[in-house]
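In case you want the letters, here they are:
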Amino acid sequence: MIMSCFLLVINTVQAVDYQYQRDILYRPDSTNRYIQEMCRLDVAYQADAKERPVIVWFHGGGLVSGHREIPEPLQHKDYVIVGVEYRFLPHVPTEAIIDDAAAAIAWVFDHIQQYGGDPQQIYISGHSAGGYLVSMVGLDKQWLNRYGKDADLLAGIIPYSGQAITHYETRKMQGYSPLQPTIDALAPLYHVRKDCAPMLIISGDREMELYGRYEEQAYFWRMLKLTGHPDVTLYELDGYDHGGMCWPGLPLLLKFIEQHTQKNR
């Protein structure tokens, strides 16, 4: 299904009474100072929560900047929310950043029950670079396999304006310009398959997005459909540019989770 959204309104409801466990090192076995500094996450949860759906959120920043966050609109529902930080280019290669994302998700599989989360209901999402990372980890199974986890056990993959081709900062390091598209093993498109977790792909306005990002997402969606994926939807948020499309699109994430939670009961 492909849809265009002209207006999204976030309903104002009373915020859930969350507690926070912050600055958790998800690579505790490493003595590397940069890993110890960057490979950390925060968890927002309710003290009495049990078997709640989990949202793992990866921030944007072009793989070169940013900070972990737990988007405030997501805290209006009864979910456990994890905000993840990761290492950056050029200090480490792109593969190491994807591996950070996989390590964080593996940590969630192993530990989220103690925060009231259900490891069978883990949804991975993020904006821009974060959207790229969740697409890579969700489609290319090697990354979670390194940690003894199966990407197909994820409940859903929801990239917000993530690259579907090779990330432009990766291409820059390879000597290409942002307008020279390439698809290699570091592109989510390279790993399109019909049996990955359900996907919700969200883009900003095609005339306002960064470097043709909508067209990337549309082709990504089309190839998933052509492979026979049974549950993939694309939304275009009319009137929103790359930086502004994320929070207005968060209700779509919440609706996606609600629908799939009901479907799996």
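Placed above this text is the structure.
The structure presented is a predicted model; accordingly, all values stated were derived computationally and were not measured.

The rules behind the values
- In this convention, every chain numbers its residues from 1, walking through the sequence in written order.
- Predicted model: local features are reported for residues with pLDDT of at least 70 only, side-chain atom pairs are reported and counted for 80 or more only, and whole-chain, interface and lining totals are derived from all residues.
- With hydrogens and water set aside, each side-chain value is computed from the structure's full complement of heavy atoms.
- Helix and strand assignments follow DSSP, with helices taken as H or I runs no shorter than four residues and strands as E runs no shorter than two, numbered in order from the N terminus.
- Our radius of gyration looks at C-alpha atoms and nothing else; its globule reference is 2.2 Å times the residue count to the power 0.38.
- Remark: exposure states derive from per-residue accessible area (1.4 Å probe, protein chains only) relative to the maximum for the residue type, with buried under 20%, exposed over 50%, and partly exposed in between.
- Throughout, a residue-residue contact means that at least one pair of heavy atoms, one from each residue, lies within 4.5 Å.
- The Shrake-Rupley method, run with a 1.4 Å probe, gives the accessible areas here. Residue values count only the displayed protein chains as cover.
- The sign given to each residue is positive for Lys and Arg and negative for Asp and Glu; His and the chain ends receive no count.
- Charged side chains are reduced to one point each, which is NZ for Lys, CZ for Arg, CG for Asp and CD for Glu.
- Aromatic rings from Phe, Tyr and Trp, taking only the six-membered ring of Trp, are treated as a pair when their centres fall within 6.5 Å; an angle between ring planes under 30 degrees marks them as stacked, one over 60 as edge-to-face, and anything in between as tilted.
- Lysine and arginine charges are scored as sitting over a ring when NZ or CZ, respectively, is within 6 Å of the ring centre and within 35 degrees of the ring normal.
- Note on method: axes are straight lines fitted to C-alpha atoms, helices fitted across the in-contact stretch only, with angles between N-to-C directions ranging 0 to 180 degrees.
- Here is the rule for angles: anything less than 35 degrees is roughly parallel, anything more than 145 is roughly antiparallel, 65 through 115 is roughly perpendicular, and the remaining ranges are oblique.
- Note on residue classes: Ala, Val, Leu, Ile, Met, Phe, Trp, Tyr, Cys and Pro are nonpolar, Asp, Glu, Lys and Arg are charged, and everything else, Gly too, is polar.
- Put simply, a salt bridge is a Lys or Arg side-chain nitrogen that is within 4 Å of an Asp or Glu carboxyl oxygen.
- Throughout this description, a polar contact denotes any pair of N or O atoms lying within 3.5 Å of each other; where both atoms belong to protein, one of them has to be capable of donating a hydrogen while the other can accept it, and for residues adjacent in sequence the pair is counted only when both atoms sit in side chains.
- One less than the number of residues in a helix, times 1.5 Å, gives the span that helix is expected to have.

A. How the structure looks around the overall build of the protein. If you tally the helices and strands in the protein, you get 7 helices and 9 strands. For the protein, the C-alpha radius of gyration of 17 Å lies close to 18 Å, the compact-globule estimate for 265 residues. Judged by the C-alpha coordinates and their principal axes, the protein covers about 50 × 45 × 30 Å. Counting all 265 residues of the protein, 61% fall into the buried class. Residue pairs in contact within the protein that sit at least 24 positions apart in sequence constitute 77% of those at least 6 positions apart. Per element, the accessible surface of the protein, about 11,500 Å² overall, is 48% carbon and sulfur. Of the charged side chains in the protein, 23 are positive and 32 negative, and the gap between their average positions amounts to 3 Å.

B. Layout of the packing of aromatic side chains. Enumeration according to the criterion identifies 6 aromatic pairs in this entry. Judged by centre distance (5.7 Å) and plane angle (65°), the rings of Trp57 and Tyr160 are edge-to-face. You can see Trp57 sitting in strand E4 (residues 52–58) and its partner Tyr160 sitting in strand E7 (residues 156–160), a full 103 residues away along the chain. Like Trp57, the residue Tyr160 is buried in the burial classification. Pairing Tyr86 with Phe88 gives two aromatic rings, centres 5.8 Å apart and planes at 85°, and the pair type is edge-to-face. An aromatic cluster of three or more residues is present, and its members are Tyr45, Trp107 and Tyr115. One Lys or Arg, Arg22, reaches over the ring of Tyr20 and ends 4.5 Å from the middle of that ring.

C. Broad picture of the environment of Pro53. Mapped onto the elements, Pro53 comes out in strand E4. Judged by its relative accessible area of 8%, Pro53 is buried. With residues near it in sequence (within four places) discarded, Pro53 still touches Asp78, Tyr79, Val80, Gln121, Tyr123, Ile257 and Thr261.

D. Looking closely at the packing of helix H2 (residues 94–111) against helix H3 (residues 129–139). H3 packs onto H2 with a crossing angle of 75° between their chain directions and a minimal axis gap of 9 Å. As the angle between them shows, H2 and H3 are arranged roughly perpendicular. Taking contact as the criterion, the partners of Thr94, Ile97, Ile98, Ala101, Ala102 and Ile105 in H2 are, on H3, Tyr132, Leu133, Met136 and Val137. Looking at side-chain class alone, the contact of H2 with H3 contains 9 nonpolar, 1 polar and no charged residues.

E. Highlighting the pattern of salt bridges. Applying the stated criterion across every chain, the model contains 17 salt bridges. We note a salt bridge from Asp99 to Arg27, for which the minimum N-O separation is 2.5 Å. In this pair, Asp99 sits in helix H2 while Arg27 sits in the loop between strand E2 (19–25) and helix H1 (33–38), placing the two residues 72 residues apart along the sequence. Judged on exposure class, the residue Asp99 and its partner Arg27 are both buried. As a salt-bridge pair, Asp152 and Arg193 come within 2.9 Å of each other at their nearest N and O atoms. Note that Asp152 is positioned in the loop between helix H4 (142–145) and E7 and Arg193 in the loop between helix H5 (168–173) and strand E8 (199–204), a separation of 41 residues in sequence. Several salt bridges share partner residues, and in doing so they unite Arg22, Asp23, Arg40, Asp42, Arg68 and Glu85 into one network.

F. Representation of the environment of Asn32 within the structure. Within the fold, Asn32 resides in the loop between E2 and H1. Overall, the relative accessible area of 36% leaves Asn32 in the partly exposed class. Separated by 100 residues in sequence, Asn32 and Tyr132 place their C-alpha atoms 25 Å apart. At 2.9 Å, the side chain of Asn32 and the backbone nitrogen of Tyr34 are in polar contact.

G. Summary view of helix H7 (residues 250–263). With 14 residues, H7 should reach 20 Å at 1.5 Å per residue; the first-to-last C-alpha distance of 20 Å fits that figure. Looking only at H7, the buried set comprises Leu250, Leu252, Leu253, Leu254, Phe256, Ile257, His260 and Thr261.

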